[in-house]
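Residue-level structural notes
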Amino acid sequence: MIVETPEINAMAYVSLSGNHVCVTRGLINAYQNEKIGEEELNAVLGHEIGHIRNRDCLKWSFVLSWVSIFDMIGTVCIIVGTAIGGIGIALEVGASRDEDRGVGMAMALFGWVLLISGFIQKLIAKVASILAFHLSRKNEHAADMVGAELTSPETMANALQRINTLDNELVAKELASLPYADRWQLQPRNPSWIDKLFDTHPPMGERENELRTISKFL
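The text that follows walks through the structure, step by step, so that each part is easy to find. This structure is a prediction, so every number in the text was calculated from the model and none was measured. (Residues numbered from 1 in each chain as written. Predicted model: local features only at pLDDT ≥ 70, side-chain atom pairs only at ≥ 80, totals over all residues. Heavy atoms only, no water.)

1. Some details on the packing of aromatic side chains
Think of a pair of aromatic rings as described by two things: how far the centres are apart, and how the planes are tilted against each other in angle. By the definition in use, this model includes four aromatic pairs. On the basis of an interplanar angle of 70° and a centroid distance of 6.5 Å, the ring pair of F62 and W66 is categorised as edge-to-face. Of this pair, F62 and W66 both sit in helix α3 (residues 56-94), four residues apart, roughly one helical turn. For F62, a relative accessible area of 54% corresponds to the exposed category. (Phe/Tyr/Trp six-rings, centres within 6.5 Å; stacked < 30°, edge-to-face > 60°. Helix = DSSP H or I, 4+ residues; strand = E, 2+ residues; numbered from the N terminus. Buried < 20%, exposed > 50% of the residue type's maximum accessible area, 1.4 Å probe, protein only.)

Next up, the structure:
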């Protein structure tokens, strides 16, 4: 499959018709213009084949589904709990009889329980998402190993470096055409450790160093 974008990239995905590898038009053009060699292209495709072989797409979809479920339940509990709690407080304040006040108090307490449980569910979803992104980064390392296995660790490292360089050149070219180009930035220059918890991919330099270390060892 081909996606019409100048970005130099590739991805694997699963659908009802089976597993697919999708490459960008930018990657094809880079190969045709000899900015990426044949072995480096093979390494990129090998990386995506690694995702398919390791069933990463299925794992990622499964994990994200559960994170979304917990987050959605938490949101519903917060909305419903706030509404019920508000109604309960209104009944308690405006009630003229003790029985009505008791009903209002019970509704208010139930609303607060729902509200607190909703925040707990949202917290669980956030913690689970951190674990999900950690899994995603591990999957990227594992896919790199498959690409290295099908070509070589050095070739896989060179492919990552070449893609990173070409994409940076593309971004610089696009930013240069914007007004006040020197003030634009694509991503935080100094991401915090909290930001890194929610990265889907490990740092490119880290992946390259791992592959070159393996290559040197071999």
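2. Let's talk about the nonpolar core
Of all hydrophobic cores here, the largest spans 18 residues; its most connected members are I8, L27, I36, V44, M156 and L211. For this core, the secondary-structure elements that each account for two or more residues are α1 (25-32), α2 (38-53) and α5 (153-176). For this core, the element with the highest residue contribution is α5, accounting for six residues. With residues up to four places along the chain from it excluded, the contact list for L27 reads E7, I8, N9, A10, I36, L41 and V44. (Core = buried A, V, L, I, M, F, W, Y, C linked by side-chain atoms within 4.5 Å. Contact = heavy atoms within 4.5 Å.)

3. Some remarks on a nonpolar patch on the surface
A cluster of nonpolar residues, I89, V93, W112, I116, I120 and I124, forms a patch on the protein surface that exposes about 600 Å² of accessible area. For the nonpolar patch, the secondary structure elements donating two or more residues are α3 and α4 (98-150). When residues of the nonpolar patch are assigned to their parent elements, the largest contribution, four residues, is made by α4. Examined against the element boundaries, V93 turns out to sit in helix α3. A relative accessible area of 68% means that V93 is categorised as exposed. (Patch = residues over 30% accessible without salt bridge, like charges linked within 9 Å, V, L, I, M, F, W, Y side chains within 5 Å. Areas by Shrake-Rupley, 256 points an atom, 1.4 Å probe, with all protein chains shown as cover. Salt bridge = Lys/Arg side-chain N within 4 Å of Asp/Glu carboxyl O.)

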